[in-house]
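# Structural overview for review
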Amino acid sequence: MTKHKAGFVNIIGNPNVGKSTLMNAFVGEKLSIITSKAQTTRHRILGIVNGEDFQVILSDTPGIIKPAYELQNSMMDFVKSAFEDADVLIYMVEIGEKALKDEKFFDKIKSSKIPVLLLLNKIDVTEQEIIEEQVQYWQEQLPTVEIHLISALQNFNVTGVFERIIELLPASPAYYPKDQLTDKPERFFVNETIREKILMHYKKEIPYSVEIETEEFFEDEDIIRMRAVIMVERDSQKGIIIGHKGSALKRVGVESRKDLEKFFGKQVHLELYVKVNKNWRSDSRQLKRFGYNKK
């Protein structure tokens, strides 16, 4: 009999290199927000992929940045924790990148005692000559890591990388029930779906000043009824979120409901409200309440 393998595979990298796209491609479900804006992932999100003789527990983490306020400090704590419990580390870079935005994390990769796979992403949008230059550069920077060329968006070589991950995992029983997809509760995905729509439709600081809280989630046989609050930091932001005669908020609600119906496979009734919660991003008590600051 083949031994059962299981382990934690943690994905790190700079903002917007394709970590969430890769995670969702592995899992086959949309667990992480994907937009063209940087810093869309705020939490550490687990996605679990099960096979008869394996369980891969993937972890998408926020893009590595130099923190500017308390929320970003908490986001970087999630990245630090990704180094502590990984059986395999995925360091994701895109064409043209030279290093992580925080040298301490880069040094941790250099001295890592666990297998590191460096995934050079977005190879579908560049020339072969540039790809070869990049591979040589990373071989010189990190001689002990394995380099794999991928396009997460086009699903190129994603299966090959996944098979390599399984080879590297230790023999172990499953950590989670085999029918479990993630460690996050249903309300988390309601919050993230709404936040994704805000990232898509609003500009400048607005998306980064927003937090979502699902206050009610009632599931009947045919329908799920949800009530969620969009929190902003200032009164002026509240008006922008709502829009002229409520049109902007209505668009967020309609698009979120459609995605949530796909995600849950059931009819959804979604009520959205907007509330001012001053300076929540710098308030450690509030951050703990929203699941960021675990200290």
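Just so we're clear, the structure is a prediction, and the values are computed from it rather than from any experiment. (Residues numbered from 1 in each chain as written. Predicted model: local features only at pLDDT ≥ 70, side-chain atom pairs only at ≥ 80, totals over all residues. Heavy atoms only, no water.)

Looking now at the side chain of Gln134. Within the element layout of this structure, Gln134 appears in helix α4 (residues 128-141). Those residues in contact with Gln134, other than ones at most four positions away along the chain, are Glu94, Ile95, Gly96, Glu97, Lys98 and Leu120. (Helix = DSSP H or I, 4+ residues; strand = E, 2+ residues; numbered from the N terminus. Contact = heavy atoms within 4.5 Å.)

This next bit is on helix α8 (residues 247-264). The periodicity of an α-helix, 3.6 residues per turn, causes residues three or four positions apart to be oriented the same way. Helix length check: α8 (18 residues) gives 26 Å between terminal C-alpha atoms against 26 Å at 1.5 Å per residue, within 8%. All of the buried residues along α8 are Ala248, Leu249, Val252, Gly253, Ser256, Leu260 and Phe264. Mapping the buried residues of α8 onto a view down its axis gives an arc of 125°, with all of them on the same face. Along α8, exposed side chains directed more than 90 degrees from the buried face belong to Lys250 and Lys262. (Expected span 1.5 Å × (residues − 1). Buried < 20%, exposed > 50% of the residue type's maximum accessible area, 1.4 Å probe, protein only. Arc of directions from axis to C-beta.)

It is worth spelling out the packing of aromatic side chains at this point. Evaluated as defined, the whole model comprises eight aromatic pairs. A centroid spacing of 5.1 Å and a plane angle of 80° characterise the contact between Tyr137 and Trp138, whose relative ring orientation is edge-to-face. Of the two residues examined, Tyr137 and Trp138, each falls in the buried class. Sitting above the plane of the Tyr273 ring, Arg227 keeps its charged end 4.3 Å from the centroid. (Phe/Tyr/Trp six-rings, centres within 6.5 Å; stacked < 30°, edge-to-face > 60°. Lys NZ or Arg CZ within 6 Å of the ring centre and 35° of its normal.)

Our focus in this paragraph is the environment of Ile57. Among the secondary structure elements, Ile57 is positioned in strand β3 (residues 54-60). Taking C-alpha positions, Ile57 is 8.8 Å from Tyr176, a pair spaced 119 residues apart along the chain.

What follows covers the confidence of the model for the protein chain. This prediction gives the protein chain a mean pLDDT of 81; 82% of its residues lie at or above 70. Taken together, the stretch residues 33-40 has pLDDT below 50 and engages in 32 contacts with residues farther than four places along the chain or on a different chain. (pLDDT = per-residue confidence, 0-100.)

Here we come to the pattern of salt bridges. With the rule as written, the count across this model stands at eleven salt bridges. Two residues, Arg164 and Glu167, come together in a salt bridge whose shortest N-O distance is 2.9 Å. With Arg164 and Glu167 both in helix α5 (residues 158-168) and three residues apart, the pair spans about one turn of that helix. The class of Arg164 is partly exposed, set by a relative accessible area of 24%. On the basis of relative accessible area, Glu167 is assigned to the exposed category, the value being 52%. For Arg227, the salt bridge is made with Glu215, and the minimal N-O distance between the two is 3.2 Å. Residue Arg227 is located in strand β8 (residues 223-232), and its partner Glu215 is located in strand β7 (residues 211-219); the two are separated by twelve residues in the primary sequence. Assessed through its relative accessible area of 33%, Glu215 is described here as partly exposed. Beyond isolated ion pairs, a larger network of salt bridges with shared partners links Glu146, Arg164 and Glu167. (Salt bridge = Lys/Arg side-chain N within 4 Å of Asp/Glu carboxyl O.)

Let us now look at a negative patch on the surface. Taken together, the side chains of Glu127, Glu129, Glu132 and Glu133 define an acidic patch exposed on the protein surface. With respect to the secondary-structure elements, Glu132 resides in helix α4. (Patch = residues over 30% accessible without salt bridge, like charges linked within 9 Å, V, L, I, M, F, W, Y side chains within 5 Å. Areas by Shrake-Rupley, 256 points an atom, 1.4 Å probe, with all protein chains shown as cover. Lys, Arg positive; Asp, Glu negative; His and termini not counted. Charge placed at Lys NZ, Arg CZ, Asp CG, Glu CD.)

One finds Leu22, Phe26, Val56 and Ile165 to be the most contacted residues of the largest nonpolar core, which totals 24 residues. Counting only elements with at least two residues in this core, the list comes to β1 (5-13), α1 (19-27), β3, β4 (88-94), β5 (116-121) and α5. It is α5 that contributes the most residues to this core, five residues altogether. Beyond its immediate chain neighbours, meaning those up to four positions away, Leu22 contacts Ile11, Ile90, Met92, Leu119, Ile150, Ala152 and Val158. Ranked by size, the runner-up nonpolar core spans 23 residues in total, among them Val190, Ile194, Tyr202 and Met226. (Core = buried A, V, L, I, M, F, W, Y, C linked by side-chain atoms within 4.5 Å.)

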